[in-house]
Amino acid sequence: MAFVTTPSGKKLVTLIPGDGIGPECVESAKRIIEASGAKVEWEVRHAGESVFKQGIASGVPQETIESVCKTRVVLKGPLGTPVGYGEKSANVTLRKLFETYGNIRPVRELPGIKTPYSGRNIDLVVVRENVEDLYAGIEHMQTPGVAQCLKLISRKGCEKIVRLAFEFARSEGRKSVACASKSNIMKFTEGMLKRTFEEIAKEYPDIQSWHVIVDNCCHQLVKKPEQFDVIVTTNMNGDIMSDLTSALIGGLGFAPSANIGSDVAIFEAVHGSAPKYAGKNVINPTAVIMTGVMLLRHLGEFEAAQKMEHAVLHTLEQNAASGRGTGDIVGYDNPKCFKTSEYTDAIIANLGKRSEKWRVRDVKPIKLPQVSTAPDFVKATSRKTVGIDLHIESSLSADALGKSVAALLEGSPLLLKVVTNRGTKVYPATGAVTDCVDHYPCRLMMRDSNAELTEAQLADAVQRIAAKHRWSHIEKLQVFNDQPGYTKSQGED
Ligand code: NAP
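Here's what I pulled together on the structure shown here. All residue numbers here refer to positions counted from 1 along the written sequence of the relevant chain. The predicted origin of the model limits local features to residues at a pLDDT of at least 70 and limits the giving and counting of side-chain atom pairs to 80 or more, whereas totals for whole chains, interfaces and linings rest on all residues. Based on all heavy atoms of the structure, the side-chain values leave hydrogens and waters out of the count.

Tracing the backbone through its elements, the reader meets lysine 425 in strand S17 (residues 424–427). Residue class for lysine 425 comes out buried when judged on its relative accessible area of 14%. Contacts are residue-level and defined by heavy atoms, with any inter-residue pair within 4.5 Å sufficient. Residues in contact with lysine 425, not counting those within four places in the same chain, are Val418, Val419, Thr420, Thr430, Ser489, Gln490, Gly491, Glu492 and Asp493. A run of DSSP states H or I qualifies as a helix once it reaches four residues; a run of E qualifies as a strand once it reaches two. Both are numbered from the N-terminal end. For the exposure calls, accessible area comes from a 1.4 Å probe over protein chains only, and a residue counts as buried if that area is under 20% of its type's maximum, exposed if over 50%, partly exposed in between.

Take a look at the structure:
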């Protein structure tokens, strides 16, 4: 990746202070980076709450987009997002705008940061897919009381994240990559990550690879975290799992992250804007400082990165000896509690000192995966449309609706095979007790199983049903390469 160099020979980085505690943490990291001797210059731009307030609904103004397009490297504070209502996350917008498809979230045991796991040498990294999955935020109200979120996972996205995980492991000299997925339940979406992982792992024989179901992965992470090195996973799994892993080593105040794309990289802490601490100069800036270390390595400033990491480790060792520390560690009311700025000063004073006991990895540049950008990344050799799932909003019972839809299809090449309710077969009746809602996907299949459904037949079937019932969503049932591209409902034979 080529960087923009200023006339004074420094690499230009877009700096987004962010919301809540963001400006304090980012200022701390910026001061230490500058003091480390790294050749970095900043272009300050904004995103998030201050931008929403200006009436820019995306939270990311054009001048910020232009700066990122130019510098291609960002150090960013957390951005606040209204929870459960209002504007979309400006974070997610930034990640998606610049296709930063991989989110690297390392955690390691740190000197003097006492946890129930102290002494077990936790040193692991969650590599989270960052632009697909439920976090694409494609949501639709299906009926006034039923919401839907689409979980889109692509083979291309899986190849990129899996290759990034293996390349990252190589760059840090790590020994194993585990893939955590929920492929036992979501066989197409989560299963795609597992299948891709198992294929690509063969290209990395020097690295041990294994699959673990994500719920067991969380169980194992709490029980025996030291068994993990790199974990690659889908977006939402990775988001939840990486908050868990940060708690294993002392909390969100210590968890850095990098959003990596082929063109742009955005560096930020895992934590959010923690509004209750905003402006108080009390929060722990270590996560953003260690994010700064990752940024420097990305810029090729390996020496300054080493220096910074050693200074952090040395400062934490000194804190352990003196009983001092940030409020999240020693308590905000403790007289030995560091102000954010004092802690930053202590790290700056320790630049050049080394930790004797705590290792700093010898990191090489990551070889970024080269994956085709073709939209039709996977082509089918054969395909056939064999039916549709038509989602109907109805207050009728499953039996009454099923009978009505079946009758409306008399004379159509399509017949009603099954009616489901939140994934469970409810018509024809199975004897199961299902508390139905007013959202009934009806599976219509060709009466002649050898025939292909035409567009005209599809439109005719929808028209017949729409004459009597309200429909909200239609899904084609397709067969690719002789394999059904749709799952059966729970209870369907
Ligand atoms: P949060 O801001 O991460 O804060 C949760 C808790 O974690 C805090 O109350 C605090 O715990 C602790 N914490 C976080 N950062 C800390 C630090 N640097 N030093 C010490 N303690 C720290 O999560 P949230 O409250 O769920 O989210 C707040 C806002 O941030 C939301 O609008 C959310 O959307 C946004 N957010 C943004 C990003 C991002 O920009 N990448 C990421 C996550 C969330 P105690 O209360 O126990 O002291």
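Moving on, we come to the site of the ligand. Think of it this way: one heavy atom of a residue within 4 Å of a molecule or strand is enough to make that residue near it. What surrounds the ligand is a group of 23 residues, the closest being Asn91, Gly272, Ala274, Lys276 and Tyr277. Polar contact criterion, stated in full: a pair of N or O atoms within 3.5 Å, where within protein one must be able to donate a hydrogen and the other to accept it, and residues adjacent in sequence count only if both atoms are side-chain atoms. In the model, an oxygen atom of the ligand is placed 2.6 Å from a nitrogen or oxygen of the glycine 272 main chain. In the environment of the ligand, an oxygen atom lies 2.4 Å from a nitrogen or oxygen atom belonging to the side chain of tyrosine 277.

Here we come to the packing of aromatic side chains. For Phe, Tyr and Trp, rings pair up if their centres lie within 6.5 Å, where Trp contributes its six-membered ring, and each pair is then called stacked (planes under 30 degrees apart), edge-to-face (over 60) or tilted (otherwise). A complete count under the given rule lists 5 aromatic pairs for this structure. Ring geometry for tryptophan 210 versus phenylalanine 228: centroids 5.4 Å apart, planes at 20°, classification stacked. Residue tryptophan 210 is found in strand S9 (residues 208–213), and its partner phenylalanine 228 is found in the loop between helix H7 (214–223) and strand S10 (230–233); the two are separated by 18 residues along the sequence. Overall, the relative accessible area of 3% leaves phenylalanine 228 in the buried class. Aromatic rings pair up to connect Phe166, Phe197 and Tyr204 into one cluster. Here arginine 324 stacks its cationic end above the ring of phenylalanine 338, 4.0 Å away from the centre of that ring. Two conditions define a charge located above a ring, namely a distance within 6 Å from the ring centre to NZ of Lys or CZ of Arg, and an angle within 35 degrees of the ring normal.

Okay, helix H13 (residues 398–408) next. Every buried residue of H13 is accounted for by Ala398, Leu401, Gly402, Ser404 and Val405. The buried side chains of H13 occupy one side of the element, clustering within an arc of 165° when seen end-on. Packing partners of the buried residues in H13 comprise strand S15 (383–393), strand S16 (414–421), S17, strand S18 (439–446) and helix H14 (455–466). Each C-beta atom gives one direction from the helix axis, and the arc is the one those directions make.

Of all 6 residues in strand S8 (residues 176–181), 6 are buried; the element is thus mostly enclosed. In this fold, S8 hands off to helix H6 (residues 189–201), which returns the chain to S9; that crossover is right-handed. Pairing between S8 and S10: 4 bridges, direction parallel. Within the sheet, the bridge partner assigned to alanine 178 lies in S10 and is isoleucine 231. With strands facing away from the observer, any crossover in which the path from the first strand over the helix to the second runs clockwise is taken as right-handed. At least two bridges found by DSSP between two strands are what make those strands a pair.

Here we come to the sheet that holds S8. Strand order in the open sheet formed by 10 strands is S2-S1-S3-S12-S11-S4-S5-S10-S8-S9, and the pairing between neighbours is mixed. The open sheet terminates on both sides in strands that have one partner only, identified here as strand S2 (40–44) and S9. On average, each strand axis in the sheet is inclined to that of its neighbour by 25°, with strand direction left out of account. In terms of strand pairing, strand S1 (residues 11–16) meets S2 through 5 bridges, oriented parallel. Of the residues in S2, the one forming a bridge with leucine 12 is glutamate 41. Only the stretch in contact is used when fitting a helix axis, every axis being a line fitted to C-alpha atoms; angles between N-to-C directions are given from 0 to 180 degrees. Running at roughly 155° to S2, helix H1 (residues 22–35) makes contact with S1, S2 and strand S3 (73–76) of the sheet.

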